[in-house]
Amino acid sequence: MTAVIQASALSKRFRNTWALRDVELTLPKGSVLGLVGPNGAGKTTLLKLLVDLLEPNEGELTLFGLPAGHPDLRAKVGYLAQDHPLYRDFTITEMLRAGRVLNSRWDEDWAQARLAGLRLRPSKKIGTLSGGQQAQVALTITLAARPDLLVLDEPVASMDPLARRDFMGTLMEVVAERETTVVISSHVVSELERMCDHLAVLTNGRLRVAGETDALRSGHRLITCPVEDAERVQDAYTVIDRTDTGRQSTLLVRRDDGPAPQASWAHTTPDLEELVLGYLRGDTALTIDEAAT
Ligand SMILES: Nc1ncnc2c1ncn2[C@@H]1O[C@H](COP(=O)(O)OP(=O)(O)OP(=O)(O)O)[C@@H](O)[C@H]1O
């Protein structure tokens, strides 16, 4: 089956600075990819390449088997930018009308039903809505266009916990119903954990690790041992990150390249947050996890 996203050596430079370098990524249909990284890591740059708002300087990018930027992709790809751009002076009804005119696959019934569910009065001006409500309207417009690939740039960053839960709930329902493929960026892993089945960690423009979440988790171990044993762990495994607290060391290691841990060492499979934090902290510049993609 053709992958929805296929990126190879994908690179983007702004003047002399590489914002993204040699990204390798494959995403199958119906997957939900969480893209995590600190400020300036290159997340928005990667998302903008996906939706053809930027062009790569090097590398290949295909979506649904077509080169990025192909006119047939316009109706297939939906994008919700970080600041949910909407016309502040439009009413909700006018905003929806604009969506209907601009999108060939527009689903008016779905949009109306969802607005009713949100209990937002259609005659209200966008500028009078709260940040979270604006995000909900923006999501409604993006989803009513029925994209096959949905690209979301930190969509819940400005929302309160309740609005976040509502937003993620709607998203998960739609994704499950329509088999939409999703790429969603965030600083916060806990936001993504429930809905993502794929994960990519980006730092300094490079993908440190990417793949299916289950495979990534089971491909790593979190070993806790006395500080004096840490060197032995480092000799036996590829270590992603090491933290020492008092007399104990905790090491995130790759599971596939070492012996069984010694009986005196505690070891667990990391959860997604431990895995991401390990990669964000560790300076091991691993490229894409071949085994997990
Ligand atoms: N239009 C631009 N011109 C010049 N440099 C840019 C431009 N857009 C992004 N950059 C640079 O590219 C790098 C990656 O930026 P990007 O916005 O992709 O990061 P990000 O991971 O989305 O960050 P954040 O979490 O803060 O939104 C940064 O160093 C940024 O300054």
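This text goes with the structure placed above it.
Everything numeric here is computed off the predicted structure, so don't read it as measured data. (Residues numbered from 1 in each chain as written. Predicted model: local features only at pLDDT ≥ 70, side-chain atom pairs only at ≥ 80, totals over all residues. Heavy atoms only, no water.)

A. Structural view of a negative patch on the surface. A cluster of acidic residues, Glu193, Asp271, Glu273 and Glu274, forms a negative patch on the protein surface. Within the fold, Glu273 resides in helix H9 (residues 272-281). Judged by its relative accessible area of 33%, Glu273 falls in the partly exposed class. (Patch = residues over 30% accessible without salt bridge, like charges linked within 9 Å, V, L, I, M, F, W, Y side chains within 5 Å. Areas by Shrake-Rupley, 256 points an atom, 1.4 Å probe, with all protein chains shown as cover. Salt bridge = Lys/Arg side-chain N within 4 Å of Asp/Glu carboxyl O. Lys, Arg positive; Asp, Glu negative; His and termini not counted. Charge placed at Lys NZ, Arg CZ, Asp CG, Glu CD. Helix = DSSP H or I, 4+ residues; strand = E, 2+ residues; numbered from the N terminus. Buried < 20%, exposed > 50% of the residue type's maximum accessible area, 1.4 Å probe, protein only.)

B. Inspection of the site of the ligand at higher detail. Taken together, 13 residues lie around the ligand, and Asn39, Gly40, Lys43, Thr44 and Thr45 are the ones closest in. In this structure, Gly42 approaches the ligand through a main-chain N or O atom, which is 3.0 Å from an oxygen atom. His187 is positioned such that a nitrogen or oxygen atom in its side chain is 3.0 Å from an oxygen atom of the ligand. Protein contact buries 58% of the 640 Å² of open area that the ligand shows by itself. (Near = heavy atom within 4 Å. Polar contact = N/O pair within 3.5 Å; in protein donor to acceptor, adjacent residues only side chain to side chain.)

C. Summary view of helix H3 (residues 108-118). For H3, the set of buried residues is Trp110, Ala111, Arg114 and Leu115. The buried side chains of H3 occupy one side of the element, clustering within an arc of 130 degrees when seen end-on. Turned more than 90 degrees from where H3 packs its buried face, Asp109, Ala113, Ala116 and Gly117 sit exposed. In the core, the buried residues of H3 are packed alongside helix H2 (92-102), helix H4 (131-144) and helix H5 (161-178). Note on H3: the residue one or two positions beyond its end, Arg119, has a positive phi of about 55 degrees. (Arc of directions from axis to C-beta. Contact = heavy atoms within 4.5 Å.)

D. Quick look at H5. Spanning 18 residues, H5 covers 26 Å between terminal C-alpha atoms, matching the ideal 26 Å at 1.5 Å per step. For H5, the set of buried residues is Ala163, Phe167, Met168, Thr170, Leu171, Val174, Val175 and Arg178. Looking down the long axis of H5, one finds its buried residues gathered within 160 degrees of arc, a one-sided arrangement. Of the residues in H5, the exposed ones pointing more than 90 degrees away from the buried face are Pro161, Leu162, Arg165, Glu173, Ala176 and Glu177. Capping the start of H5, Asp160 holds a side-chain oxygen 2.9 Å from the backbone nitrogen of Leu162, two or three residues further along. Trailing H5 by a residue or two, Glu179 shows a phi angle of about 60 degrees, which is positive. (Expected span 1.5 Å × (residues − 1).)

E. Molecular detail of the layout of surface pockets. Taken as a whole, the largest pocket holds about 730 Å³ of empty space. Along its surface, the largest pocket is lined by 26 residues, and Gly78, Tyr79, Asn103, Ile141 and Thr142 are the ones closest to its centre. Counting residues per element, the ones that place at least two in the lining of the largest pocket are strand E6 (77-80), H2 and H4. Residue composition of the lining of the largest pocket, by class: 17 nonpolar, six polar and three charged. Within this model, the second largest pocket holds a volume of roughly 230 Å³. Lining the second largest pocket are Leu118, Arg119, Leu120, Ser130, Gly132, Gln133, Gln136, Asp160, Leu162, Ala163 and Asp166. (1 Å grid on protein atoms, 1.4 Å probe; cavity = no way out; pocket = protein on both sides within 12 Å on 5 of 7 lines; lining within 4 Å. Points joined across faces, edges and corners; volume = space filled by probe spheres on them. Nonpolar A, V, L, I, M, F, W, Y, C, P; charged D, E, K, R; others polar.)

F. A look at the packing of aromatic side chains. Scanning the entire structure with this criterion turns up zero aromatic pairs. We note Arg178 situated over the ring of Trp110; from NZ or CZ to the ring centre the distance is 5.0 Å. (Phe/Tyr/Trp six-rings, centres within 6.5 Å; stacked < 30°, edge-to-face > 60°. Lys NZ or Arg CZ within 6 Å of the ring centre and 35° of its normal.)

G. Quick peek at the packing of H2 against H3. For the pair H2 and H3, interaxial distance at closest approach is 11 Å and the crossing angle is 155 degrees. What the angle tells us is that H2 and H3 run roughly antiparallel. When the axes of H2 and H3 are compared, the crossing they make is right-handed. The segment H2 lies against H3, with Ile92, Leu96 and Arg100 engaging Glu108, Ala111, Gln112 and Leu115. For the contact of H2 with H3, the class distribution of residues is four nonpolar, one polar and two charged. (Axes fitted to C-alpha atoms, helices over the stretch in contact; angles between N-to-C directions. Parallel < 35°, antiparallel > 145°, perpendicular 65-115°, else oblique. Left-handed = near helix turned anticlockwise from the far one by under 90°.)

H. Expanded view of the side chain of Ser185. Position of Ser185 among the secondary structure elements: in strand E8 (residues 181-186). Its relative accessible area of 1% is what places Ser185 among the buried residues. In terms of polar contacts, Ser185 uses its side chain to reach the backbone amide nitrogen of Glu154, at 2.9 Å. Filtering out sequence-adjacent residues up to four positions away, Ser185 remains in contact with Leu35, Lys43, Leu47, Leu152, Asp153, Glu154 and Pro155.

I. Main features of the sheet that holds strand E2 (residues 17-27). With respect to topology, four strands assemble into an open sheet ordered E2-E1-E4-E5, the strand pairing being antiparallel. For this open sheet the edge positions go to E2 and strand E5 (66-67), each flanked by a neighbour on one side alone. Sheet strands touched by helix H1 (residues 43-50): strand E1 (5-14), E2 and strand E4 (58-63). Its angle to E1, the strand with the most contacts, is close to 120 degrees. (Pairing = 2+ DSSP bridges.)

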